[in-house]
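Examining the three-dimensional arrangement
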Amino acid sequence: MSARLVVLVSGSGTNLQALLDACADPAYGAEVVAVGADRSGIEGLERAERAGIPTFVHRVKDFASRDEWDAAVAQEVAGHRPDLVVLAGFMKLVGDAFLAAHGGRVVNTHPALSPSFPGMQGPADALAYGVKVSGCTLFVVDAGVDTGVIVAQTAVAVEDDDTVDTLHERIKVAERTMLVDAVGRMAREGFTLDGRRVRFGR
Ligand code: GAR
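Residues numbered from 1 in each chain as written. Predicted model: local features only at pLDDT ≥ 70, side-chain atom pairs only at ≥ 80, totals over all residues. Heavy atoms only, no water.

The biggest cluster of nonpolar side chains holds 43 residues, and the ones touching the most others in it are V7, V35, V86, L138 and V183. When contributions to this core are tallied by element, the ones reaching two or more residues are β1 (3–9), α1 (14–23), β2 (30–37), α2 (43–50), β4 (84–87), β6 (133–140), β7 (150–157) and α6 (164–189). Take this core: its biggest share by element is 10 residues, from α6. For V7, the residues in contact, after removing those within four places along its chain, are L16, L19, V32, A34, V35, G36, V86 and A88. (Core = buried A, V, L, I, M, F, W, Y, C linked by side-chain atoms within 4.5 Å. Buried < 20%, exposed > 50% of the residue type's maximum accessible area, 1.4 Å probe, protein only. Helix = DSSP H or I, 4+ residues; strand = E, 2+ residues; numbered from the N terminus. Contact = heavy atoms within 4.5 Å.)

Right under this line is the structure:
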């Protein structure tokens, strides 16, 4: 049986698209059952709609508090009974209610090599620091900012003439492959957390 994925997005959704494309093959072992966002009018939601996948939007500003927003997102996600929740360019930190409901089964993809350059501007921070190698990290979300147990990483060269956009685009090419490979393994093989390591298998 396919693992049920709920994917949360905030932007263009190219990582979501890579997952949707992978899920078209039954052998991949996963299906995207819903896509959620913290804002409307984004390409990520359109990709889901084109694929016939249910979507939902919860905007922080429509709730009395950040905690109420977090609880609403957690409840909506739970309604789709996910085996794995994938944050794919979701530009919000999830909170206590979300982690209480889904913790240990939530992965996030980040455009830098953790533990370097956490936060919302990984490629810009890497470029400003002058590193020669950056990349992407898939990790199991915990209460910190990009601090969770690492599932997969891919290194990407920084070129001398890179801008934030050219570096981020090069990272995203590697990121989509990393995400599809790692989520597929998690779906097909299962996984457990062992300290700072992910062990595949049931
Ligand atoms: C990805 O590079 C992802 O790692 C990043 O946003 C991009 C989304 O691209 N996420 C973060 O920076 C979160 N801290 P996409 O919408 O085309 O998948």
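Moving on from the coordinates now.
Take the pattern of salt bridges next. Enumeration according to the criterion identifies seven salt bridges in this entry. One salt bridge in this structure joins R39 and D38, with 3.0 Å as the shortest N-O distance. D162 serves as the salt-bridge partner of R170, at 2.7 Å between the closest nitrogen and oxygen. (Salt bridge = Lys/Arg side-chain N within 4 Å of Asp/Glu carboxyl O.)

Before going further, it helps to examine the site of the ligand. Around the ligand, 15 residues are found, and the nearest of them are S12, G13, T14, H168 and E175. At a separation of 2.7 Å, an oxygen atom of the ligand approaches a polar side-chain atom of H168. Here E175 contributes a side-chain N or O atom positioned 2.3 Å from an oxygen atom of the ligand. For the ligand, the protein covers 96% of the area, taking 450 Å² as the surface of the free molecule. Put simply, the parts of the chain that give the shell around the ligand at least two residues each are α1, β5 (106–110) and α6. Here the shell around the ligand is composed, by residue class, of three nonpolar, 10 polar and two charged. (Near = heavy atom within 4 Å. Polar contact = N/O pair within 3.5 Å; in protein donor to acceptor, adjacent residues only side chain to side chain. Areas by Shrake-Rupley, 256 points an atom, 1.4 Å probe, with all protein chains shown as cover. Nonpolar A, V, L, I, M, F, W, Y, C, P; charged D, E, K, R; others polar.)

With respect to topology, seven strands assemble into an open sheet ordered β3-β2-β1-β4-β5-β6-β7, the strand pairing being mixed. Of all the strands in the sheet, the pair left with one neighbour each is β3 (55–57) and β7. Direction aside, neighbouring strands of the sheet carry axes that sit 20° apart on average. Where β2 meets β3, three bridges bridge the pair, whose relative direction is parallel. The partner of G36 across the bridge, within β3, is F56. Where helix α3 (residues 66–79) meets the sheet, it contacts β1, β3 and β4, and its direction lies at approximately 150° from that of β1. (Pairing = 2+ DSSP bridges. Axes fitted to C-alpha atoms, helices over the stretch in contact; angles between N-to-C directions.)

Attention shifts here to the packing of aromatic side chains. Evaluation of the coordinates by the stated rule reveals two aromatic pairs. Pairing W69 with F90 gives two aromatic rings, centres 6.3 Å apart and planes at 15°, and the pair type is stacked. Taken together, the residues W69 in helix α3 and F90 in the loop between β4 and α4 (96–102) connect sequence positions 21 residues apart. Taken individually, W69 and F90 each receive the classification buried, so the pair is uniform in this respect. Taking NZ or CZ as reference, R185 lies 3.9 Å from the ring centre of F200, over its face. (Phe/Tyr/Trp six-rings, centres within 6.5 Å; stacked < 30°, edge-to-face > 60°. Lys NZ or Arg CZ within 6 Å of the ring centre and 35° of its normal.)

This brings us to the environment of V149. Mapped onto the elements of the fold, V149 is located in the loop between β6 and β7. The spacing of V149 and D181 is 32 residues in sequence and 17 Å in space, taken between C-alpha atoms. Setting aside its immediate chain neighbours within four residues, V149 contacts L138, F139, V140, L193, G195, R196, R197 and V198.

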